[in-house]
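Structural features, examined
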Amino acid sequence: MIYLDWNATAPPHEDVCTAVAQALATSWGNAASVHRVGQRARQHFDAARAELAALVGRHPRDVLFTSGGTEANNLALRSPFAGTRRGVLIVSAIEHPSVLEPARALEREGVRLHIVPPEPDGRIAVTRIAAALDGLAPADGPVLVSLQAVNHETGVLQPVHEVTALAHDRRALVHVDAVQAAGKLDPRLWDAADFVVVASHKLRGPKGIGALVTLSASDLQPLLRGGSQERGLRPGTQDAALAAGFRVACARASARPLVDAETEALRDRLEVELVRLGERHGARVHRNGTAKRLGSVANVSVCGWRGPELAAALDLEGVAISSGSACSAGSAEPSSVITAMLGRARAESAVRISLGQATTEGDVDFALAAFDRALARGGAERTSGSGDG
Ligand SMILES: Cc1ncc(COP(=O)(O)O)c(C=O)c1O
């Protein structure tokens, strides 16, 4: 199977697997215990905290471990509004559901929600965020702007640096979902943001661990209660094996970014060849998003195909890609990101192909041959289908 769905989750690196297995066998103590068995487990958290802080350009004391990106996003969004039924939340329409769903829940609880639409190229315009901030007064309560660093479906880079400066000028807090960006982009992009979210499994680490990195942990309000772990902000017994794997994933990403010029060259070739293949089979292939993008993601719409059908056809050919949002895979709904950018019709035929560190020239050749066969078969089926009346 050729795996081209790295944005859904990245295959754990073998060094990560070794670290997790070793820590599971030797560091199974309760990290909150004072005895040495517990302290051995605790050391994995200290080391992971330091490594993650280095990766995202923050201090270890600012790192709060969570179960992953979803929990960290929920914690960041809810904290500024905890205990008040007012305030203003400004989010982009192309955020991950782990931002949009808690945002809608907050709206039902009394927070004013402002959803900023993307431009057709997939970028959020700074001017639209400025317009949403204009006219807000201290009496409106706390204000939080939430903008992802990189879009999960298109790879389009968002102007988080400019938006952070703008929001801080107006005394608003800023949350940056860096789940698809950490280890791939320069951390200075989000160095002034109040909340930054990272997920280990997108960095080739284990699932089940992520982090919320804050400028001031005292701003946080826990979602759970019942323990002193993570300074009481994220209670519950922690798994040192996950921390050990996360540490190795962060160290590897610090040493070598997860997306580099080689990855980008492969992605560019894949896109160009896909457009050519489409022409050969009478299908128009649109590239979705012309703004500055991360070099590992291609999002294309193939006219005449529904995204899930094409993803299933590719699966039969031995290639894993995704349609719609990875995290709502299995849902019949087309991608909300492509819908917001380009409308529902285009979204219905969209597929996302995401490459990673281990992707090779041979993988791209294999995927292109698989697309060729799938498009040829689809074309033939459509022709014979129309012949049958
Ligand atoms: C941009 C973005 N944010 C948040 C998440 C959720 O992270 P997790 O799967 O660790 O809960 C994802 C997962 O795909 C994502 O792509």
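Values in this document were obtained by computation on a predicted structure and should not be read as measured data.

It is worth spelling out the environment of Asp-5 at this point. Within the secondary structure layout, Asp-5 lies in the loop between strand S1 (2-3) and helix H1 (14-26). On the basis of neighbour count, Asp-5 is assigned to the buried category, with 21 C-beta atoms found within 10 Å. The sequence separation of Asp-5 and Ile-353 amounts to 348 residues, and the corresponding C-alpha distance is 6.0 Å.

Moving on, we get to helix H2 (residues 36-56). Compared with an ideal rise of 1.5 Å per residue, which puts 21 residues at 30 Å, H2 spans 30 Å between its outermost C-alpha atoms and is within 8% of the ideal. Here H2 has its buried residues at Ala-41, Arg-42, His-44, Phe-45, Ala-48, Arg-49, Glu-51, Leu-52, Leu-55 and Val-56. Buried-residue contacts for H2 involve H1, strand S2 (63-66), strand S7 (195-199), strand S8 (210-214) and helix H7 (240-255). Where H2 ends, the next residue or the one after it, Gly-57, has phi of about 75 degrees, a positive value.

With that out of the way, let us pick up the site of the ligand. Around the ligand lies a shell of 16 residues, among which Gly-68, Gly-69, Thr-70, His-152 and Ala-199 are the nearest. Broken down by element, the shell around the ligand gets its largest block of residues, 3 residues, from helix H3 (residues 69-78). Within the shell around the ligand, the residues separate by chemical class into 4 nonpolar, 11 polar and 1 charged.

A few words now on the sheet that holds strand S13 (residues 350-354). Judged by pairing direction, the sheet is antiparallel, and its 4 strands sit side by side in the order S9-S10-S13-S12 without closing on themselves. The sheet is open, and its two edges are formed by strand S9 (285-287) and strand S12 (322-323), each paired on a single side. Judged from the 5 bridges that link them, strand S10 (residues 297-302) and S13 form a sheet pairing that is antiparallel. Bridging across to S13, Val-297 finds its partner in Ser-354. In this fold helix H8 (residues 261-280) packs onto S9, S10 and S13, with an angle of close to 10 degrees to the strand it touches most, S10.

Backbone geometry places Arg-204, a non-glycine residue, at a positive phi of 75 degrees. Considering the arrangement of structural elements, one finds Arg-204 in the loop between S7 and S8. The backbone of Glu-230 shows a phi angle near 50 degrees, a positive value even though the residue is not glycine. Tracing the sequence through the fold places Glu-230 in the loop between S8 and H7. Residue Glu-230 is classed as buried on the basis of its C-beta count, with 21 C-beta atoms lying within 10 Å.

Time to look at the pairing of strand S4 (residues 112-116). Pairing of strand S3 (residues 88-92) with S4, which is carried by 5 bridges, proceeds in the parallel orientation. Considered in S4, the bridge of Ile-90 is made with His-114. Following the backbone out of S3, through helix H4 (residues 97-108) and into the adjacent parallel S4, one traces a crossover that is right-handed.

Two strands in a sheet stick together by hydrogen bonds in their backbones, pointing the same way (parallel) or opposite ways (antiparallel). The mixed open sheet is built from 7 strands, whose spatial order is S2-S8-S7-S6-S5-S3-S4. Strands with a single pairing partner mark the edges of an open sheet, and in this sheet they are S2 and S4. Each strand axis lies, on average, 20 degrees off the axis of its neighbour in the sheet, ignoring direction. As paired strands, S3 and strand S5 (residues 143-146) are joined by 4 bridges and run parallel to one another. Of the residues in S5, the one forming a bridge with Val-91 is Ser-146. With respect to the sheet, helix H5 (residues 126-133) is in contact with S3, S4 and S5, its orientation differing from that of S4 by roughly 160 degrees.

Right, let's talk about the domain arrangement of the protein chain for a bit. You can read the domains of the protein chain as domain 1 (2-9 + 259-387) and domain 2 (14-255). On a C-alpha basis, the centres of domain 1 and domain 2 stand 29 Å from each other. Counting residues at the interface gives 24 residues for domain 1 and 23 residues for domain 2. For the side of domain 1 that touches domain 2, the element with the highest residue contribution is helix H10 (residues 336-342), accounting for 5 residues. The residue inventory of the side of domain 1 that touches domain 2, partitioned by class, reads 11 nonpolar, 10 polar and 3 charged.

On to the packing of H1 against H7. Packing of H1 against H7 brings their axes to within 8 Å, and their N-to-C directions diverge by 155 degrees. Considering the angle they form, H1 stands roughly antiparallel to H7. Crossing handedness for the pair H1 and H7: right-handed. Residues Asp-15, Val-16, Ala-19, Val-20, Ala-23 and Leu-24 of H1 lie in contact with H7, whose contacting residues are Ala-240, Ala-241, Ala-244, Gly-245, Val-248, Ala-249 and Arg-252. Its residues placed into classes, the contact of H1 with H7 shows 10 nonpolar, 1 polar and 2 charged.

A few words now on the pairing of strand S6 (residues 173-177). In terms of burial, S6 is a largely internal element, 5 of the 5 residues being buried. Covered by surrounding structure in S6 are Leu-173, His-175 and Asp-177 together with Val-174 and Val-176, the residues of both alternating faces. With 3 bridges connecting them, S5 and S6 associate as parallel partners. The partner of Leu-144 across the bridge, within S6, is Leu-173. In this region the chain leaves S5, passes through helix H6 (residues 160-169) and returns to the parallel neighbour S6; the handedness of that crossover is right-handed.

Right, let's get into the nonpolar core. Ranked by size, the top nonpolar core spans 112 residues in total, and within it Ala-178, Val-196 and Val-198 carry the most contacts. Counting residues per element, this core draws most heavily on H7, which supplies 10 residues. Viewed by domain, this core spans two of them, domain 1 (2-9 + 259-387) and domain 2 (14-255), each represented by three or more residues.

Rules of the game
- Residues numbered from 1 in each chain as written.
- Predicted model: local features only at pLDDT ≥ 70, side-chain atom pairs only at ≥ 80, totals over all residues.
- Helix = DSSP H or I, 4+ residues; strand = E, 2+ residues; numbered from the N terminus.
- Buried ≥ 20, exposed ≤ 12 C-beta atoms within 10 Å, placed from the backbone.
- Expected span 1.5 Å × (residues − 1).
- Contact = placed C-beta atoms within 7 Å.
- Near = placed C-beta within 6 Å.
- Nonpolar A, V, L, I, M, F, W, Y, C, P; charged D, E, K, R; others polar.
- Pairing = 2+ DSSP bridges.
- Axes fitted to C-alpha atoms, helices over the stretch in contact; angles between N-to-C directions.
- Right-handed = clockwise from strand over helix to strand, strands pointing away.
- Domains from an automatic or database assignment.
- Parallel < 35°, antiparallel > 145°, perpendicular 65-115°, else oblique.
- Left-handed = near helix turned anticlockwise from the far one by under 90°.
- Core = buried A, V, L, I, M, F, W, Y, C linked by C-beta atoms within 7 Å.

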